[in-house]
Amino acid sequence: MKKIIVLIAIILPVSMVNAQVQEELTPLEIKQTTVVTQPATLKKGFLRAGAALSFSALDKFFDDDTEKRLFPDNIWAKSLSYQFAFQYGVSDRLQASLAIPFRNEFISQSLLLEVPLTNTSTISSWEIKGNGISDIELGLIYQLVPENILRRAVLVSAFLTLPTGEKNPTDVVDEQNYTLPTGSGEGSLNLDMTLRKVNYPFSYEGSVGYNIKFGGTKVLNVGEEPVSFRSANLLTLRGAYNFHLNEWLAFQNDVFYFSFGEDEVDGQTGDTKRWALQYAPRLSFQIKRFRINQAVTFVLKGRNSSADPGYTMVLQYVF
């Protein structure tokens, strides 16, 4: 028993010293921490500015039987989005954010038209594009329970999306000639709770989020009148396991599960069940206060959801 007491007496002071060392980092050292070791929220007065580029294609989907299929009618689409994001430490436990996104949309379709009895056929193809600002997002993250050597950090967040992007097709000539909208046409509120623990060189995260759509009115089909709509609410579960490969390079692993509710159009809802399971490996390079993140998102399985991978690159700098 005496040996156990002596061992505890040795370990506890060492642990307290380690915790004190972490708390006594200089402001410059804190600004240079990585995605694994950084504080759960920015320190008071710190500003993180960044730019993100995301690319995704629309070629395959998971059908109602969770089988992967090509979209019909030779439809192919791509979406390129880029945004400027700013995060500010209001206090050591409260972080505010602003994201201003822009989108470049492209849809291509071709049809083979066969004329009966004449043994002739023609191919009709067209392209539709859209480019402009999308929906701006405002956010707050608060450390409900700050992390220390014995406990996890508990964070709650709220992100409000404003329908600032163009919601309707513009420059309409006919069903094959118009400019695609770059906004959703409705606001939304995303509420999230996250648990986070750093155990160098590792960190672990788990979160649950719920996105509430507010609905609105917009033109869903070219040439028709605007109708009322409300997109499906979204439940998101996420787990993350991150670790350092060396002092400046970290590898992150995120797994997402998305469960969609029902879309509503003109007061009517369907009974389509939608969900998706995704895995996103990421590499994060830390060069002093400058950071480069790269991620590839793979859709592992789903139902009535996209099946195509996506790519994201993020550049950030802490002032």
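Parameters and conventions
- Residues numbered from 1 in each chain as written.
- Predicted model: local features only at pLDDT ≥ 70, side-chain atom pairs only at ≥ 80, totals over all residues.
- Heavy atoms only, no water.
- Salt bridge = Lys/Arg side-chain N within 4 Å of Asp/Glu carboxyl O.
- Buried < 20%, exposed > 50% of the residue type's maximum accessible area, 1.4 Å probe, protein only.
- pLDDT = per-residue confidence, 0-100.
- Contact = heavy atoms within 4.5 Å.
- Pairing = 2+ DSSP bridges.
- Helix = DSSP H or I, 4+ residues; strand = E, 2+ residues; numbered from the N terminus.
- Lys, Arg positive; Asp, Glu negative; His and termini not counted.
- Polar contact = N/O pair within 3.5 Å; in protein donor to acceptor, adjacent residues only side chain to side chain.

1. Observations concerning the pattern of salt bridges
Side chains bearing opposite charge may pair, as long as their charged atoms lie close to each other.
Thinking step 1. In total, this model carries 11 salt bridges according to the counting rule given.
Thinking step 2. A salt bridge links Glu-205 to Arg-196; its shortest N-O distance comes to 3.7 Å.
Thinking step 3. Residue classification places Arg-196 among the buried residues on the basis of a relative accessible area of 6%.

2. Here's the deal with the confidence of the model for the protein chain
Thinking step 1. For the protein chain, per-residue confidence averages 87 on the pLDDT scale, and 87% of positions sit at 70 or higher.
Thinking step 2. When the criterion is pLDDT under 50, residues 1-22 qualifies, and its contacts beyond four places in sequence or with other chains add up to 2 contacts.

3. What about the pairing of strand S1 (residues 47-58)?
Thinking step 1. Of the pairings in the sheet, the one linking S1 to strand S4 (residues 75-89) comprises 12 bridges and is antiparallel in character. Bridge pairing links Leu-58 to Ala-77 in S4.
Thinking step 2. Taken together, the 9 bridges between S1 and strand S21 (residues 310-318) define a ladder with antiparallel strand orientation. Within S21, the residue paired with Ala-52 across the bridge is Val-314.

4. Description of the sheet that holds strand S3 (residues 68-70)
Thinking step 1. The strand order S3-S2-S20 describes an open sheet built from 3 strands, whose pairing is antiparallel. Each edge of the open sheet is held by one strand with a lone partner, namely S3 and strand S20 (305-306).
Thinking step 2. Note that strand S2 (residues 60-62) and S20 share 2 bridges and pair antiparallel. The partner of Phe-62 across the bridge, within S20, is Ser-305.

5. Description of the side chain of Arg-291
Thinking step 1. Examined against the element boundaries, Arg-291 turns out to sit in strand S19 (residues 290-303).
Thinking step 2. Salt bridges are absent for the buried Arg-291, whose nearest opposite-charge side chain, Glu-205, sits at 9.8 Å.
Thinking step 3. Among the polar contacts made by the side chain of Arg-291, one reaches the main-chain carbonyl oxygen of Thr-33 at a distance of 3.0 Å.
Thinking step 4. Here Gln-286 takes part through its side chain, which lies 2.8 Å from a polar atom of the side chain of Arg-291.
Thinking step 5. Residues contacting Arg-291, with those up to four places away along its chain left out, are Thr-33, Thr-34, Val-35, Gln-38, Arg-48, Ser-284, Phe-285, Gln-286, Val-314, Leu-315 and Gln-316.

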